[in-house]
Amino acid sequence: MMQWAEKRKSGENLVWLFAVVLPVILWHWLYVSVGVWLGSLLAGALLLWLLGAESELRYLEGLIQRALMRDKEQFEQQANKYFHLCGDVEDATYLPLLMRRILQQESTKVFALLFWLFVGGFWAALLYALNYACMQRQTGLGLATFLHRLMSWLPNRLLVVALALVGSFRGATEEGERYWWAFNDGSALLAAAMPQALDLP
């Protein structure tokens, strides 16, 4: 059994190398080799691919449009489809829970991605996106999970600081204190700090 587990882990790490590391290396080599103009076109194409036609921002835009149109049924359907929340929008707990789901999802799929895009450039954003996609298909604590925790640690804590600055700084920081230095993706910290920071019930 132990040998089977070791072989499976080795196989997952090999998949991670070919699915994450190799494409990033090849893209960066191509980007620096083709010159400024073609490099800019490649960077633009990569940015469109990272955000996607059906990006998280489009999901939010769709929800806002349904809310403005007072289309209750479509609003609930889109909230269920994109943010995995079932319920009745007229329920007092529905919207606060939806806000938590949205913020937690956006912190992983948008905020952290843009953080690495601005801090490390396109290769870092590509590394984050490919590694996150690979992690979702893995089981256990492989290289993809380790790198995701490493790359999510700082962006999510900066997001918590931003939330604390616009809300209750003391409340947000006190609630999340026990998670602050833990080596994880920051979801537990965000879940603890969010209610106080955004004054959610």
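Scroll up for the structure.
Below, the structure is looked at part by part. Please read all numbers here as calculations on a predicted model, not as lab measurements. (Residues numbered from 1 in each chain as written. Predicted model: local features only at pLDDT ≥ 70, side-chain atom pairs only at ≥ 80, totals over all residues. Heavy atoms only, no water.)

**Considering the environment of Trp-29**
Part 1: Mapped onto the elements of the fold, Trp-29 is located in helix H1 (residues 2-33).
Part 2: A sequence separation of 94 residues divides Trp-29 from Trp-123, and the C-alpha atoms of the two residues are 9.9 Å apart. (Helix = DSSP H or I, 4+ residues; strand = E, 2+ residues; numbered from the N terminus.)

**Section: the packing of aromatic side chains**
Part 1: One pass over the structure, following the stated rule, counts six aromatic pairs.
Part 2: Ring centres 5.1 Å apart and planes at 85° place the aromatic pair Phe-115 and Trp-116 in the edge-to-face group.
Part 3: Classification of Phe-115 as buried rests on a relative accessible area of 14%.
Part 4: Put simply, the rings of Trp-27, Tyr-31 and Phe-122 pair up and form one aromatic cluster. (Phe/Tyr/Trp six-rings, centres within 6.5 Å; stacked < 30°, edge-to-face > 60°. Buried < 20%, exposed > 50% of the residue type's maximum accessible area, 1.4 Å probe, protein only.)

**What to know about a nonpolar patch on the surface**
Part 1: On the surface, a cluster of nonpolar side chains totalling about 480 Å² of accessible area is made up of Leu-14, Leu-17, Phe-18, Leu-22 and Leu-26.
Part 2: One can find Leu-17 in helix H1. (Patch = residues over 30% accessible without salt bridge, like charges linked within 9 Å, V, L, I, M, F, W, Y side chains within 5 Å. Areas by Shrake-Rupley, 256 points an atom, 1.4 Å probe, with all protein chains shown as cover. Salt bridge = Lys/Arg side-chain N within 4 Å of Asp/Glu carboxyl O.)

**With respect to the packing of helix H5 (residues 94-120) against helix H6 (residues 122-136)**
Part 1: At a minimum axis distance of 6 Å, the contact between H5 and H6 shows a crossing angle of 150°. On the basis of their axis angle, the class for H5 and H6 is roughly antiparallel. Note that H5 runs across H6; the crossing there is right-handed. Listed contacts from H6 to Thr-108, Lys-109, Ala-112, Leu-113, Trp-116, Leu-117 and Gly-120 of H5 are Phe-122, Trp-123, Ala-124, Ala-125, Tyr-128, Ala-129 and Tyr-132.
Part 2: Of the residues that constitute the contact of H5 with H6, the class distribution is eleven nonpolar, two polar and one charged. (Axes fitted to C-alpha atoms, helices over the stretch in contact; angles between N-to-C directions. Parallel < 35°, antiparallel > 145°, perpendicular 65-115°, else oblique. Left-handed = near helix turned anticlockwise from the far one by under 90°. Contact = heavy atoms within 4.5 Å. Nonpolar A, V, L, I, M, F, W, Y, C, P; charged D, E, K, R; others polar.)

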